[in-house]
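These are the residues of each chain, in order.
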Amino acid sequence: MSASNADRLAESVNKVSVGRVYDYLLGGVHNYAVDQAFAEEQLRLLPDIRDFARSNRAFLARAVRFAVDQGVRQFVDIGSGLPTQGNVHEVADEVAPGECSVVYIDNEPIAQAHAEILLEKTADPDRHRAIDADYFDGALLWDRVLETGVIDESEPIALLVVALLHFMPPETHPERVLAYYRERLPKGSLLALSHIHVDPSDTETMEVSKKLTESYTKKTNSPAMPRSREEIASFFEGLEMVEPGLVWLPEWRPGGEDPYSGEPARSRGLAGVGRKV
């Protein structure tokens, strides 16, 4: 490990990481006391935030299975976070054993380190890779994805941007970078995306959401930023939405258990999949 990477790793351990908080909420073990304390603070504000993490993870698994069923065999997971149960390569290989390639991408040093360890133990190095890069790297990120040698840009790709963009405030213009990635996708590719959203008519939850946003902005490595339904829908510009469109997390092609099956709006997250035609 280079000195610069070691410094980044040491700094990361001592600062709250949204990836490690998410891991803690999912019951993972790749987190630290600083992350656990912050997560418990958020749980006091919104006790069912753990269920959001579970519902979002369930959507990811359903989107991966859908992509495989549609004949897609390549996945690029930006902001993949820390390895936990139901990783993309594991879900894909359940449906199509030995056929799917996955590139995991995260800018968090500890997430990267754990991803590499996970892949060494459970994955096929000829099909599964993890790289350290940032969503905003744009062309550099995409070049590095292709340099892994496991992604063929001439064949359909499922681009996964799950529970990521709500950590990017408007002034960072994440839509511009996403437009670049959409442009690079070949025809037949899919974009799977989920994002925090609160029904504006739910004033009580809106107030809690504001407190959560302020807390994430002050104490973590990433600010949190809910968006309107229209703003989230714009991330799919130029794509054909797959039925049922942009819906609450548990409403997207439901299957299996979901903590919000009876009250989908309580998931406080919208999800959808778009196809490039």
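Now for a quick tour of the structure. This is a predicted model, so every value here is computed, not measured. (Residues numbered from 1 in each chain as written. Predicted model: local features only at pLDDT ≥ 70, side-chain atom pairs only at ≥ 80, totals over all residues. Heavy atoms only, no water.)

Looking now at the environment of R129. In this structure, R129 sits in strand β3 (residues 128-132). By relative accessible area, which is 32% here, R129 ends up partly exposed. Residues R129 and V145 lie 16 residues apart in sequence; the distance between their C-alpha atoms is 8.9 Å. Sequence-distant contacts of R129, defined by excluding residues within four places in its chain, comprise V102, V103, Y104, L119, T148 and V150. Among the polar contacts made by the side chain of R129, one reaches the main-chain carbonyl oxygen of P125 at a distance of 2.8 Å. Within polar-contact distance, the side chain of R129 engages the backbone oxygen of T148 at 3.0 Å. (Helix = DSSP H or I, 4+ residues; strand = E, 2+ residues; numbered from the N terminus. Buried < 20%, exposed > 50% of the residue type's maximum accessible area, 1.4 Å probe, protein only. Contact = heavy atoms within 4.5 Å. Polar contact = N/O pair within 3.5 Å; in protein donor to acceptor, adjacent residues only side chain to side chain.)

What follows concerns helix α5 (residues 88-95). Turning to α5, its buried residues number three or more, namely V88, H89, V91, A92 and D93. Among the structural elements, α4 (49-69), β1 (74-78), β2 (101-106), α6 (109-122), β3 and β4 (158-162) are those in contact with the buried residues of α5.

Below, the discussion takes up helix α2 (residues 18-25). With respect to burial, α2 is a largely interior element, 7 of its 8 residues being buried. Listed as buried for α2 are V18, G19, R20, V21, D23, Y24 and L25. For α2, the N-terminal cap is S17; the gap from its side-chain oxygen to the backbone nitrogen of G19 is 3.3 Å. Count one or two residues on from α2 and you reach G27, which has phi positive near 90°.

Attention now goes to the pattern of salt bridges. Counting across every chain of the model gives 11 salt bridges. The residue E99 makes a salt bridge to R73 at a minimum N-O spacing of 2.7 Å. With E99 in the loop between α5 and β2 and R73 in the loop between α4 and β1, the pair connects residues that are 26 residues apart, well separated along the chain. Assessed through its relative accessible area of 44%, E99 is described here as partly exposed. Between R184 and E153 there is a salt bridge, with the nearest N and O atoms lying 2.9 Å from each other. With R184 in helix α8 (residues 174-184) and E153 in the loop between α7 (139-147) and β4, the pair connects residues that are 31 residues apart, well separated along the chain. Where salt bridges share partners, they join D48, E263, R266 and R268 into one cluster. (Salt bridge = Lys/Arg side-chain N within 4 Å of Asp/Glu carboxyl O.)

Looking now at the pairing of strand β5 (residues 190-196). The two faces of a sheet get side chains in turn, since along a regular strand they alternate between them. Here β5 lies mainly inside the structure; 6 of its 7 residues are buried. Relative to β5, β4 is paired through 5 bridges, and the arrangement is parallel. Pairing of A158 across the sheet is with L190, part of β5. With α8 bridging β4 and its parallel neighbour β5, the resulting β-α-β unit is right-handed. (Pairing = 2+ DSSP bridges. Right-handed = clockwise from strand over helix to strand, strands pointing away.)

Looking now at the packing of α7 against α8. At their nearest, the axes of α7 and α8 sit 10 Å apart, and the two run at 35° to each other. The interaxial crossing formed by α7 with α8 has right-handed handedness. The segment α7 lies against α8, with A139, L141, W142, D143 and L146 engaging Y180, Y181 and R184. Looking at side-chain class alone, the contact of α7 with α8 contains 6 nonpolar, no polar and 2 charged residues. (Axes fitted to C-alpha atoms, helices over the stretch in contact; angles between N-to-C directions. Left-handed = near helix turned anticlockwise from the far one by under 90°. Nonpolar A, V, L, I, M, F, W, Y, C, P; charged D, E, K, R; others polar.)

This part takes up the packing of aromatic side chains. Each aromatic ring pair is characterised by the separation of its centres together with the angle its planes make. Following the criterion strictly, the structure yields 8 aromatic pairs and no others. Judged by centre distance (5.1 Å) and plane angle (90°), the rings of Y135 and F136 are edge-to-face. Judged by relative accessible area, Y135 falls into the buried class, the value being 4%. Exposure remark for F136: the relative accessible area of 33% places this residue in the partly exposed category. Geometrically, the ring pair formed by F167 and Y216 is tilted, given 5.9 Å between the ring centres and 40° between the ring planes. Of the two residues, F167 sits in the loop between β4 and α8 while Y216 sits in helix α9 (residues 203-219), which places them 49 residues apart along the sequence. Of the two residues, F167 and Y216, both sit in the buried class. Here the aromatic residues Y135, F136, W142, Y180 and Y181 are joined through ring pairs into a cluster of three or more. Across from the ring centre of W252, 5.6 Å away, lies the NZ or CZ of R253, which sits over that ring. (Phe/Tyr/Trp six-rings, centres within 6.5 Å; stacked < 30°, edge-to-face > 60°. Lys NZ or Arg CZ within 6 Å of the ring centre and 35° of its normal.)

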